Amino acid sequence: MEYDSYSPEDTFQIAYNLGRQASPGEVLCLIGDLGVGKTLFSQGFAKGLGIEESVNSPTFTIVQEYMDGRMPFYHFDVYRIEDPEEMEEIGYTEMVYGDGVCLIEWADRIADILPDQYKKITISKQPEKGFDYRCIRVEETER
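The following paragraphs examine the structure supplied in this document. The model shown is predicted, which means the values in this text are computed figures rather than measured ones. (Residues numbered from 1 in each chain as written. Predicted model: local features only at pLDDT ≥ 70, side-chain atom pairs only at ≥ 80, totals over all residues. Heavy atoms only, no water.)

### Quick notes on helix α2 (residues 38-48)
Formally: Under the scheme applied here, a residue whose accessible area is under 20% of the maximum for its type counts as buried, over 50% as exposed, and between as partly exposed, the area being computed with a 1.4 Å probe on protein chains only. Labels follow the DSSP assignment, with helices taken as runs of H or I lasting at least four residues and strands as runs of E lasting at least two, numbered in each case from the N terminus. When checking whether two residues touch, look at their non-hydrogen atoms; a contact exists if any pair is within 4.5 Å.
Residues of α2 that are buried: Lys38, Phe41, Ser42, Gly44, Phe45, Ala46 and Gly48. Looking at the buried side of α2, the elements it contacts are α1 (8-21), β2 (27-31), β4 (73-77), β5 (101-105), β6 (117-125) and β7 (134-142). Immediately downstream of α2, the backbone of Gly50 shows phi near 90 degrees, a positive value.

### Focus on the pattern of salt bridges
Threshold: A pair is scored as a salt bridge if a Lys or Arg side-chain nitrogen falls within 4 Å of a carboxyl oxygen belonging to Asp or Glu.
Applying the stated criterion across every chain, the model contains 4 salt bridges. Two residues, Lys119 and Glu26, come together in a salt bridge whose shortest N-O distance is 3.3 Å. With Lys119 in strand β6 and Glu26 in the loop between α1 and β2, this pair connects stretches of sequence that are 93 residues apart. Judged by its relative accessible area of 17%, Lys119 is buried. Between Glu140 and Lys119 there is a salt bridge, and its shortest N-O distance comes to 3.9 Å. Of the two residues, Glu140 sits in strand β7 while Lys119 sits in strand β6, which places them 21 residues apart along the sequence. Exposure remark for Glu140: the relative accessible area of 65% places this residue in the exposed category. In this structure, a network of salt bridges that share partners links the residues Glu26, Lys119 and Glu140.

### Topic: the sheet that holds β5
Filter applied, for reference: Only strands that DSSP links by at least two bridges are regarded as paired with each other. With axes taken as lines fitted to C-alpha atoms, and helix axes fitted only over the stretch in contact, angles between N-to-C directions fall between 0 and 180 degrees.
If you trace the 7 strands from one edge of the open sheet to the other, you get β1-β7-β6-β2-β5-β4-β3, paired in mixed fashion. The open sheet is flanked by β1 (2-5) and β3 (63-66), the only strands paired with a single partner. Mean inter-strand twist for the sheet, computed between neighbouring axes without regard to direction, equals 20 degrees. For β2 and β6, the ladder comprises 4 bridges, and the chain directions are parallel. Each residue of the ladder has a partner; that of Cys29, found in β6, is Lys120. Packing of α1 onto the sheet brings it into contact with β1, β6 and β7, and relative to β1 it is tilted by some 145 degrees. α2 rests against β2, β4, β5, β6 and β7 of the sheet, and its axis sits at about 170 degrees to β5.

### Points about a negative patch on the surface
In plain terms, the rule: Residues form patches when they are more than 30% accessible in relative terms and have no salt bridge. Like charges link within 9 Å. Nonpolar side chains (Val, Leu, Ile, Met, Phe, Trp, Tyr) link within 5 Å. In short, Shrake-Rupley with a 1.4 Å probe defines the accessible areas, and a residue's cover is counted only from the protein chains shown. Under the counting rule used here, the positive set is Lys and Arg, the negative set is Asp and Glu, and His together with the chain ends is not counted. To locate a charge, take atom NZ for lysine, CZ for arginine, CG for aspartate or CD for glutamate.
A surface patch of negative charge is lined by Glu82, Asp83, Glu85, Glu88, Glu89 and Glu94. Position of Glu88 relative to the elements: it lies in the loop between β4 and α3 (92-96). Look at Glu88 and you get partly exposed, because its relative accessible area is 45%.

This is how it looks when you write it as structure tokens:
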């Protein structure tokens, strides 16, 4: 599935709709360059899960846990991960194979330890379509 976003509000709404449809055990892997709107997407997704508290990118803590929505939400930012084995120290396996939903920013950095099935969400700019335009591609992935 591919979505066209012409504004930050569009990106938020697309993510919100995906959050409303999310099921326990889902893992979403968010891929995109710096500045494409990954954090905004995460905020919309969290809102779709019913999370009211502020959601920010957990760059230095690696993971933020939110329990006030309709299911647990684990928001990872693995940009600073040097070795995928570091993920075990924060309880990655329990979260990814648990009863919540995981959204992993920069997931390509930990490709070797991703589950067999996940949704790959790629956000990309296409400047010829406008400064705020983003293409948001959602793909079911199976290894």
